[in-house]
Amino acid sequence: MLNTLMGDYPVTKQFLGRTDKFAFAEVKGSPAGHFKRVVRNLEYDVAEMAIMTHLIARAHGKPYRLLPFVVLARFQHPFLVFNSEKNPALKPQDLAGKRVGVRSYSVTTGAWIRHILAEDHGVDLSRIQWITFEEAHVAEFRDPPNVKRAPAGKELMGMLQAGELDAAIAGAVPKEGNIKPLIRDPEAAGKRWGETHGAIQLNHLVVVKNNVPRQAADEVYRLLVESKQAAGDPPLLPHGLEANRRNLEVAIDCAYKQALIPRRISVDELFE
């Protein structure tokens, strides 16, 4: 039995039923709350894992390799939000010198949003004061100097509502009427990004511990693909190395340019 961390998605529904092969961790909501247990405690043989966390973990020698199976991907543009009542004219290019909140500096959504700000809006990321609420999943990672921890007891959306943050990177699109996407028409912006880069913005894939034999890892991958096919084989969640090569190249470049990793890891290395 392989100790396994996996979220409940349409593409993993059939896979989660294979209790004959896997001992699944109990997950309430997103499995992200367990990622520290993967990269710090090495608790799981198979795990859903955020791509930026995996790249950082890989750079610090954590014993996991990637499977080319995407369980979550999305264009991140809607998740950079601001309080339209406090500063209705704010634009992405205005964020230099401002305070932007994010759960943790190294989270994948935050990394993609910073990429978008730098590449598409010309923002100098070093001039933003990043306010975080949690430490990185990977214990060895160190935040850059322009990152500050929020005061104890504060929470992300409360600080945004109070005007203590100029913008925030949310994990989900907020429902409050005054909290709006800072990137106007984010769906169209995401489509343009995808066309420009020839890629999607990966969130979560699957990793296996290095001591899991190749044959067993191949079986995990086969069962995941069967589960995805049972869910209708959604095209925006690609599986296979070549189907994800460009997606991974862009993710690696995103991580490297922000100094999340010390060098550009090759795509093939991730699977070794």
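Preceding block: the structure.
In this text the structure is predicted, and so the values were computed from the model without any measurement. (Residues numbered from 1 in each chain as written. Predicted model: local features only at pLDDT ≥ 70, side-chain atom pairs only at ≥ 80, totals over all residues. Heavy atoms only, no water.)

Caption draft 1: Local environment of the pairing of strand β3 (residues 46-50). Burial analysis of β3 places five of its five residues in the buried class, the great majority of the element. Residues V46, E48 and A50 point to one face of β3 and A47 and M49 to the other, with burial holding for every one of them. When strand β1 (residues 2-5) meets β3, the two strands line up parallel, connected through two bridges. Considered in β3, the bridge of T4 is made with V46. In this sheet, strand β11 (residues 202-209) lies alongside β3 in antiparallel orientation, the contact comprising five bridges. From the neighbouring strand, V46 faces β11, where its bridge partner is V208. (Buried < 20%, exposed > 50% of the residue type's maximum accessible area, 1.4 Å probe, protein only. Helix = DSSP H or I, 4+ residues; strand = E, 2+ residues; numbered from the N terminus. Pairing = 2+ DSSP bridges.)

Caption draft 2: View of the sheet that holds strand β2 (residues 22-24). Pairing within the open sheet is mixed, and its five strands lie in the order β2-β1-β3-β11-β4. Both edges of this open sheet fall to β2 and β4 (64-73), since each of them pairs with a single strand only. Pairs of neighbouring strands in the sheet enclose a mean axial angle of 30 degrees, with direction left out of account. Contacts between helix α8 (residues 241-257) and the sheet are confined to β4 and β11, with β4 contributing the most and set at about 85 degrees to the helix. (Axes fitted to C-alpha atoms, helices over the stretch in contact; angles between N-to-C directions. Contact = heavy atoms within 4.5 Å.)

Caption draft 3: Structural detail: the sheet that holds strand β9 (residues 167-169). Strand order in the open sheet formed by six strands is β8-β7-β6-β9-β5-β10, and the pairing between neighbours is mixed. Only two strands of the sheet have a single neighbouring strand rather than two, namely β8 (147-149) and β10 (179-181). The mean angle between the axes of side-by-side strands here comes to 30 degrees, regardless of whether they run parallel or antiparallel. In this structure, strand β6 (residues 99-102) lies alongside β9, joined through three bridges in parallel fashion. What sits directly across from G101, in β9, is A168. Along the sheet, helix α4 (residues 108-121) contacts β5 (80-83), β6, β7 (129-132) and β9; its crossing angle with β9, the most-contacted strand, is approximately 130 degrees.

Caption draft 4: Main features of the pattern of salt bridges. Counted according to the given criterion, the structure contains 18 salt bridges. A salt bridge links K62 to E140; the nearest nitrogen and oxygen atoms lie 2.7 Å apart. With K62 in the loop between α3 (51-59) and β4 and E140 in the loop between β7 and β8, the pair connects residues that are 78 residues apart, well separated along the chain. Given the relative accessible area of 35%, E140 is considered partly exposed. The residue R264 makes a salt bridge to D253 at a minimum N-O spacing of 2.7 Å. In this pair, R264 is assigned in the segment after α8 and D253 in helix α8, connecting sequence segments 11 residues apart. (Salt bridge = Lys/Arg side-chain N within 4 Å of Asp/Glu carboxyl O.)

Caption draft 5: Local environment of α4. Taking 1.5 Å of rise per residue, the 14 residues of α4 would be expected to cover 20 Å, and the 19 Å separating its terminal C-alpha atoms lies within 8% of that figure. Among the 14 residues of α4, 10 are classified as buried, and the element is accordingly described as predominantly covered. Among the residues of α4, T108, T109, G110, A111, W112, I113, R114, H115, I116 and L117 are the ones counted as buried. Looking one or two residues beyond α4, the residue adopting positive phi is G122, at roughly 65 degrees. (Expected span 1.5 Å × (residues − 1).)

Caption draft 6: Representation of α8. Here α8 spans 23 Å end to end across 17 residues, near enough to the 24 Å set by a 1.5 Å rise per residue. Taking the largest bend as the criterion, α8 deviates by roughly 30 degrees, centred on N247. Taken together, the buried positions of α8 are occupied by N244, N247, L248, V250, A251, I252, D253, C254 and A255. Backbone geometry just after α8 places A259 at a positive phi near 60 degrees. (Bend = angle between axes of the 7 residues up to and from the residue.)

Caption draft 7: Looking closely at the pairing of β5. Both faces of β5 are covered, namely the face carrying L80 and F82 and the face carrying V81 and N83. Relative to β9, β5 runs antiparallel, the two sharing two bridges. Note that in β9 the partner of L80 across the bridge is I169. Taken together, the three bridges between β5 and β10 define a ladder with antiparallel strand orientation. Across the sheet, the residue bridging to F82 is K180, located in β10.

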